[in-house]
Amino acid sequence: MALMPIIIAPDARLKIKTKPVDHVDAAVKTLMDNMLETMYAANGIGLAAPQVGDMRSVIVVDCARQAENPAPIKMANPEIIAVSPNDNTHEEGCLSLPEHYADVVRPDSITLRYLNENNKIVEIDADGILATCIQHEMDHLEGILFVDHISALKRNMILRKLKKVKKQVAET
Ligand code: NI
């Protein structure tokens, strides 16, 4: 396994729509494992392939609390097949927008279909923080960031600050 560098916004690679995988082979499995290791190392609860510069439809999540056992879920080609009529507001963050957070409204619970690490089709129901996390990661596969769900004013403020930090890092 290997850690992968995480792309920080604003970056054109975070705005690209990904392509589905044909099937989950050894290469996709390795990508999933590397993404999971990268996510854990960064203290994240979710990571999508475009965040590490890969344009395949792959995400990993683990929303277990600190005291609980790890509960990693590795998905290729995730697809939402049902959403609850109720919405929920969660404060979201993103490893590609470090130190910025905002409230985002999304469906409270979802039913999801995906290919697991063994290339098997799996269907799960998710609610609470897991539902939020999966929807956030699936947005990345469409080139959508959580700041695209908030006002342009707040979004531009966050992206401007991130740009400034990048510039400072580049100059040092
Ligand atoms: Ni994110």
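Details of the structure are given in the entry above.
Residues numbered from 1 in each chain as written. Predicted model: local features only at pLDDT ≥ 70, side-chain atom pairs only at ≥ 80, totals over all residues. Heavy atoms only, no water.

Notes on the coordination of the nickel ion
Protein coordination at the nickel ion comes from Cys94 (SG), His136 (NE2) and His140 (NE2), with a distance range of 2.1 to 2.2 Å. Each donor residue of the nickel ion belongs to the same chain, with the gaps between them written as C-x41-H-x3-H. With a gap of 4 residues between them, His136 and His140 both fall in helix α2 (residues 128–141), about one helical turn apart. Note on accessibility: His136 and His140 belong to one class, buried. (Donors = N, O, S within 2.8 Å, 3.2 Å for Na, K, Ca; no water. Helix = DSSP H or I, 4+ residues; strand = E, 2+ residues; numbered from the N terminus. Buried < 20%, exposed > 50% of the residue type's maximum accessible area, 1.4 Å probe, protein only.)

A look at the sheet that holds strand β3 (residues 73–83)
Reading across the sheet, the 5 strands line up as β1-β2-β3-β6-β7 and stay open at both edges, with antiparallel pairing between neighbours. Here the strands that pair on one side only, and so sit at the sheet edges, are β1 (46–48) and β7 (121–127). Ignoring which end each strand starts from, the neighbouring axes of this sheet average 40° apart. Where strand β6 (residues 109–115) lies against β7, 7 bridges are found, and the strand directions are antiparallel. When the sheet's bridge partners are listed, Ser109 is paired in β7 with Asp127. Those strands touched by α2 are β1, β2 (58–61), β3, β6 and β7, and its axis lies near 155° from that of β2. (Pairing = 2+ DSSP bridges. Axes fitted to C-alpha atoms, helices over the stretch in contact; angles between N-to-C directions. Contact = heavy atoms within 4.5 Å.)

Notes on unusual backbone geometry
Between Ala9 and Pro10 the backbone carries a cis peptide bond, its omega angle lying at -5°. Looking at where Pro10 falls in the secondary structure, it is placed in the segment before α1 (26–41). A positive phi angle is found at Glu99, which is not glycine, with a value near 70°. Here Glu99 shows up in the loop between β4 (87–92) and β5 (102–107). Accessibility expressed as a relative area gives 70% for Glu99, which makes it exposed. Although it is not a glycine, Asn119 adopts a positive phi angle of roughly 65°. Following the sequence through the fold, Asn119 ends up in the loop between β6 and β7. Looking at Asn119, the relative accessible area reads 32%, which means it is partly exposed.

Concerning the environment of His90
With respect to the secondary-structure elements, His90 resides in strand β4. For His90 and Lys17, which are 73 residues apart along the polypeptide, the C-alpha to C-alpha distance reads 24 Å. Setting aside chain neighbours within four positions, we find His90 in contact with Ala102, Asp103, Val104, Gly128, Ile129 and Thr132.

Some thoughts on the environment of Leu14
When you line up the elements, Leu14 lands in the segment before α1. Sequence separation between Leu14 and Met55 is 41 residues, and the spatial gap between their C-alpha atoms is 9.5 Å. Setting aside anything within four residues of it in sequence, one finds Leu14 in contact with Ile7, Ile8, Ala9, Pro50, Gln51, Ser96, Gly143, Ile144 and Leu145.

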